[in-house]
Amino acid sequence: MRRVDFSFLTSITPFDHNELMSAIGEMCAQYDFLDLHYIGTSILNRPIPLLTVGNGARKVLYVGAHHGMEWITSFVLCRFLASVCDAFEQKEHIHGVSVPLLFDCVTLCIIPMLNPDGVSYQIHGVDDENPLFERVLAMNGGERDFQHWQANARGVDLNHNYDACFHEYKKIEAENGILQGAPTRFSGEHPESEPEVSALCNWIRFHENVSGILTLHTQGEEIYYRCRGTCAKRAPAIAERISSLCGYRLAEAEGAASFGGLTDWCALEARIPCFTLECGRGINPLPFEDAGGIYRKLERLFFRFPMLL
């Protein structure tokens, strides 16, 4: 019988950094084999947690919430982590996967929320005591409604801050009048200028045996894995299997979306199979009640992804 019974799984509130850390505390208290690390801190000094389980030499990484208004992906990844830990403890087979045998070969690594400051802005707005208050409010057009905020604490879109056609993207920014920090699309002063992106890239560089990455965004139920027609070896075949497991369609990024993301950087520089999942359907930010349906559609893929690599 499944024994997952964590309070965060029944939460009806938006999933911010405080909720995340509470969920992590519950899971680490339940499972002594679940290890908590931190890859770094955000602009506003929030820790960016990395959860690992397993003893395998190969590392498989799942990343959520590059964008502030996509915090639902953090909840989905925590729900998966709770399920996979329960299956490991009970020595279960899930979706055709022997979880104990899997973790003899693989170490599962999950960064549920790369952009905790952006998530906080989107859910709670910007507090008057924030040292960046005046600057950020100006970036948001003077509005205190941050519902559509994607960037980090100082207005950099983390998924345009990777070193993948960065300078080419700068020209597109200028053509669109994006010359400084903004709720979305501003790529920063230089690649990896933001501590969140720099910390993730350095973690990937340090762990040479990262065999594959899933990065979760919203929305559209699409899969991206190329940058300018380039991708890691075997990525096309893996992408086809991902599509068959979750029902999302393969797609090609166009325009401004073609530059500077984690998947782009992995395709061009790191040469690691990396797949962007645009989770769910609707208008961002997706409502919290969509989280269950998103997870159910992706659960089989989450369990089986390490075996595809």
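Residues numbered from 1 in each chain as written. Predicted model: local features only at pLDDT ≥ 70, side-chain atom pairs only at ≥ 80, totals over all residues. Heavy atoms only, no water.

### A closer look at the overall build of the chain
The helix and strand tally for the chain stands at ten helices and ten strands. The C-alpha atoms of the chain give a radius of gyration of 18 Å, which matches the 19 Å a tight globule of 309 residues would have. In terms of overall dimensions, the chain has C-alpha extents of about 55 × 40 × 35 Å along its principal axes. A total of 309 residues make up the chain; the buried ones form 60% of that total. For the chain, the exposed area adds up to about 12,700 Å²; of that, 48% sits on carbon and sulfur atoms. Taking the average location of the 26 positive side-chain charges in the chain and that of its 39 negative ones, the two points are 9 Å from each other. (Helix = DSSP H or I, 4+ residues; strand = E, 2+ residues; numbered from the N terminus. Rg over C-alpha atoms; globule rule 2.2 N^0.38 Å. Buried < 20%, exposed > 50% of the residue type's maximum accessible area, 1.4 Å probe, protein only. Areas by Shrake-Rupley, 256 points an atom, 1.4 Å probe, with all protein chains shown as cover. Lys, Arg positive; Asp, Glu negative; His and termini not counted. Charge placed at Lys NZ, Arg CZ, Asp CG, Glu CD.)

### Side note on the pattern of salt bridges
Overall, the coordinates contain ten salt bridges when judged by the stated rule. For E192, the salt bridge identified is with R205, shortest N-O distance 2.4 Å. One end of the pair, E192, is in the loop between α6 (166-175) and α7 (195-206); the other, R205, is in helix α7, with 13 residues separating them in the sequence. R226 is the salt-bridge partner of E252, the closest N and O atoms lying 3.0 Å from each other. (Salt bridge = Lys/Arg side-chain N within 4 Å of Asp/Glu carboxyl O.)

### So, the environment of L81
For L81, the position within the fold is in helix α2 (residues 72-89). A relative accessible area of 1% places L81 in the buried class. With 42 residues separating them along the chain, L81 and I123 place their C-alpha atoms 23 Å apart. Setting aside anything within four residues of it in sequence, one finds L81 in contact with M27, L34, L51 and I110. (Contact = heavy atoms within 4.5 Å.)

### Thoughts on helix α10 (residues 291-308)
With 18 residues, α10 should reach 26 Å at 1.5 Å per residue; the first-to-last C-alpha distance of 25 Å fits that figure. The largest bend in α10 is about 50°, located at L298. Looking at α10, one finds that the buried residues are A291, G292, I294, Y295, L298, E299, L301, F302, F303, F305, P306 and L308. (Expected span 1.5 Å × (residues − 1). Bend = angle between axes of the 7 residues up to and from the residue.)

### Considerations on the sheet that holds strand β3 (residues 58-63)
Taken in spatial order, the eight strands of this open sheet run β1-β2-β6-β3-β7-β10-β8-β9, and their pairing is mixed. What marks the edges here is a single partner per strand, and that holds for β1 (35-41) and β9 (249-250). The pairing of β3 with strand β6 (residues 106-111) spans six bridges and is parallel. Among the inter-strand pairings, L61 is bridged to a residue of β6, identified as C109. Contacts from helix α1 (residues 17-30) reach β1 and β2 (47-53) within the one sheet, and its direction differs from that of β2 by about 30°. Packing of helix α9 (residues 262-270) onto the sheet brings it into contact with β3, β7 (210-218), β8 (222-224) and β10 (274-279), and relative to β10 it is tilted by some 160°. (Pairing = 2+ DSSP bridges. Axes fitted to C-alpha atoms, helices over the stretch in contact; angles between N-to-C directions.)

### Points about the pairing of β3
Counted residue by residue, β3 has five buried out of six residues, so it is predominantly covered. In this sheet, β7 lies alongside β3 in parallel orientation, the contact comprising five bridges. The partner of K59 across the bridge, within β7, is V210.

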